[in-house]
Protein chains: 2
Amino acid sequence: MAFWKLFWNKTKFLPINQDSNKYDCKKNSLLIQDFDYKNQKINIFLSKDKNIDLYELEELCDTVGWVRRPLKKVKIAIEHSFLTISLSYEKDNKKKLIAFARATSDNTFNATIWDVVVHPEFQGKGLGKILINEAIKQLRYADINTITLFADPQVLSFYKHLGFISDPDGVKGMFWYPH
Amino acid sequence: MAFWKLFWNKTKFLPINQDSNKYDCKKNSLLIQDFDYKNQKINIFLSKDKNIDLYELEELCDTVGWVRRPLKKVKIAIEHSFLTISLSYEKDNKKKLIAFARATSDNTFNATIWDVVVHPEFQGKGLGKILINEAIKQLRYADINTITLFADPQVLSFYKHLGFISDPDGVKGMFWYPH
């Protein structure tokens, strides 16, 4: 990771200042310039735009072995998420989605982060950390204090490093599935 | 519990049939007739109306010792919940809120149930079970398959009896709080 430019504006190449939370969420922000990928330098962008290519998102989910979901439902889920965060890189004027997360919320007290996915070729390079920290930042902007998620055993320590606590005071995450 | 009339229509006193999910959510449904309460018979109603008296809701939360929350935030939370369920009883033409639950959702895949509260004088009488089963029913109508919640240790067995599983396949509920 040659050069770290969290929230630089793509077009003006100026650091976004205290008004950063006012930036147009439809635009992509340059997140990392000259990221090393397969002996090349690529630029990685962050977007909160919900206008996501659903085929590309499902392709990304395929790379980590998730079960295919009906695109119609994926569309509804994105529309009704409080927040989506996408990371993509640009090469030869083409954008490629490499990481994604979304959160549902009551817009004020609680939020739950779902569908956290990083393309295997980009795992272990700090992008998951950026993704979750950005989600926390955006949820905190909205004055949401309780941020929750459900973590598979293999990612428990990842989330612990980011400040998440499992079963605080014996509170247990519980699931109900159709039966 | 003398007489069980789940989803009887209040005004017509007709059982709601297969079209029950089409009933006007603004109206109250008679849930239990002649419920024994302090040597009297009362009628208990169920409502999915989000137009809730916020003072009354916070009073109900007081009875179980919850920390007071800003009403402005409670209003936002209710507005942005996928579902609210209120139980109340009517006596001398006055309604009194006795139980409440709400759920956030992406409207298609996942939902999370929050703020489950039953007035202490009405606990242990099956109302909590009705509340949660009604939430499950409504979420299932919307084809939502994964229903989650975070349970305090003392209510773990209550939710287990309703079909909720804690930590399935080692999946852990995690929390992030401001620090």
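Everything discussed here concerns the structure shown above.
### What about the interface of chain B and chain A?
One frequent convention defines the size of an interface as the accessible area lost when the parts assemble.
Moving on, step 1. With 49 residues of chain B at the interface, the matching set in chain A holds 49 residues.
Moving on, step 2. With both sides pooled, the region where chain B packs onto chain A buries about 4600 Å², and carbon together with sulfur makes up 64% of that total.
Moving on, step 3. Between chain B and chain A we count six salt bridges in total.
Moving on, step 4. Taking the shortest distance from any N to any O, the salt bridge between Lys73(B) and Asp143(A) comes out at 3.2 Å.
Moving on, step 5. Ranked by residues supplied to the side of chain B that touches chain A, first place goes to strand β7 (residues 146-151) of chain B with six residues.
Moving on, step 6. In the side of chain B that touches chain A, the residues fall into 23 nonpolar, 15 polar and 11 charged.
Moving on, step 7. Across five bridges, the pairing between strand β9 (residues 172-176) of chain A and β7(B) is antiparallel.

### With respect to the packing of helix α1 (residues 54-63) of chain A against helix α2 (residues 71-79) of chain A
Residues and elements named next belong to chain A.
Moving on, step 1. Relative to each other, α1 and α2 sit at 100 degrees, their axes nearing to 10 Å. Here α1 is positioned roughly perpendicular relative to α2, judged by the angle of their axes. Residue-level contacts link Leu54, Tyr55, Leu57 and Glu58 of α1 to Leu71, Val74, Lys75 and Ile78 of α2.
Moving on, step 2. Residue composition of the contact of α1 with α2, grouped by class: six nonpolar, no polar and two charged.

### A look at the environment of Tyr55(A)
Residue and element names in this part refer to chain A.
Moving on, step 1. Its place among the elements puts Tyr55 in helix α1.
Moving on, step 2. Its relative accessible area of 60% is what places Tyr55 among the exposed residues.
Moving on, step 3. Through-space distance from the C-alpha of Tyr55 to that of Val74 is 10.0 Å; in sequence the pair is 19 residues apart.

### Some remarks on the pattern of salt bridges
Moving on, step 1. All chains considered together, the criterion is met by 26 salt bridges over all chains.
Moving on, step 2. Of the charged contacts in the structure, one is a salt bridge between Lys38(A) and Glu121(A), with a shortest N-O distance of 3.4 Å. Here Glu121(A) lies in the loop between β6 (110-118) and α3 (127-141) and Lys38(A) lies in the loop between β2 (29-37) and β3 (40-47), a separation of 83 residues in the sequence.
Moving on, step 3. With a relative accessible area of 36%, Glu121(A) lands in the partly exposed category.
Moving on, step 4. Connected through salt bridges with shared partners, the residues Glu58(A), Arg69(A), Arg102(A), Asp115(A) and Asp106(B) form a single ionic network.

### A closer look at the packing of aromatic side chains
Moving on, step 1. For the coordinates displayed, the defined rule picks out 19 aromatic pairs over all chains.
Moving on, step 2. Three or more aromatic residues joined by ring pairs form one cluster here, namely Trp114(A), Phe150(A), Phe175(A), Tyr177(A), Trp114(B), Phe150(B), Phe175(B) and Tyr177(B).
Moving on, step 3. For Lys95(A), the ring lying beneath its charged end belongs to Phe45(A), and the centroid distance is 4.2 Å.

### Things to note about the pairing of strand β2 (residues 29-37) of chain B
Side chains on a regular strand alternate between the two faces of the sheet.
Residues and elements named next belong to chain B.
Moving on, step 1. In terms of burial, β2 is a largely internal element, seven of the nine residues being buried.
Moving on, step 2. As defined by bridge partners, β2 adjoins strand β3 (residues 40-47) across six bridges and the pair is classed as antiparallel. Residue pairing across strands places Tyr37 opposite Gln40, the latter belonging to β3.
Moving on, step 3. Joining the antiparallel neighbours β2 and β3 is a turn of two residues, in which Lys38 adopts a positive phi near 50 degrees.

### Some points on the environment of Val171(B)
Moving on, step 1. Among the secondary structure elements, Val171(B) is positioned in the loop between β8 (165-166) and β9 (172-176).
Moving on, step 2. Along the backbone, Val171(B) and Asp49(B) are 122 residues apart, and their C-alpha atoms lie at a distance of 34 Å.
Moving on, step 3. Those residues in contact with Val171(B), other than ones at most four positions away along the chain, are Phe150(A), Ala151(A), Asp152(A), Pro153(A) and Phe175(A).

### Digging into the relation of the copies chain B and chain A
Moving on, step 1. Structural alignment of chain B on chain A gives an RMSD of 0.0 Å, achieved by rotating through 180 degrees and translating 0.0 Å along the axis. What the rotation and shift describe, once combined, is the action of a two-fold rotation axis. For chain B, the smallest separation between a C-alpha atom and the rotation axis is recorded for Gly173(B), amounting to 2.1 Å.
Moving on, step 2. Residue by residue, 100% of the interface of chain B is reproduced at the interface of chain A, so both copies engage with the same surface.

So, how was this worked out
- Residues numbered from 1 in each chain as written.
- Chains lettered and ligands numbered in written order.
- Predicted model: local features only at pLDDT ≥ 70, side-chain atom pairs only at ≥ 80, totals over all residues.
- Heavy atoms only, no water.
- Contact = heavy atoms within 4.5 Å.
- Buried area = accessible area lost by both parts, 1.4 Å probe.
- Salt bridge = Lys/Arg side-chain N within 4 Å of Asp/Glu carboxyl O.
- Helix = DSSP H or I, 4+ residues; strand = E, 2+ residues; numbered from the N terminus.
- Nonpolar A, V, L, I, M, F, W, Y, C, P; charged D, E, K, R; others polar.
- Pairing = 2+ DSSP bridges.
- Axes fitted to C-alpha atoms, helices over the stretch in contact; angles between N-to-C directions.
- Parallel < 35°, antiparallel > 145°, perpendicular 65-115°, else oblique.
- Buried < 20%, exposed > 50% of the residue type's maximum accessible area, 1.4 Å probe, protein only.
- Phe/Tyr/Trp six-rings, centres within 6.5 Å; stacked < 30°, edge-to-face > 60°.
- Lys NZ or Arg CZ within 6 Å of the ring centre and 35° of its normal.
- Least-squares fit on C-alpha atoms with pLDDT ≥ 70 in both.

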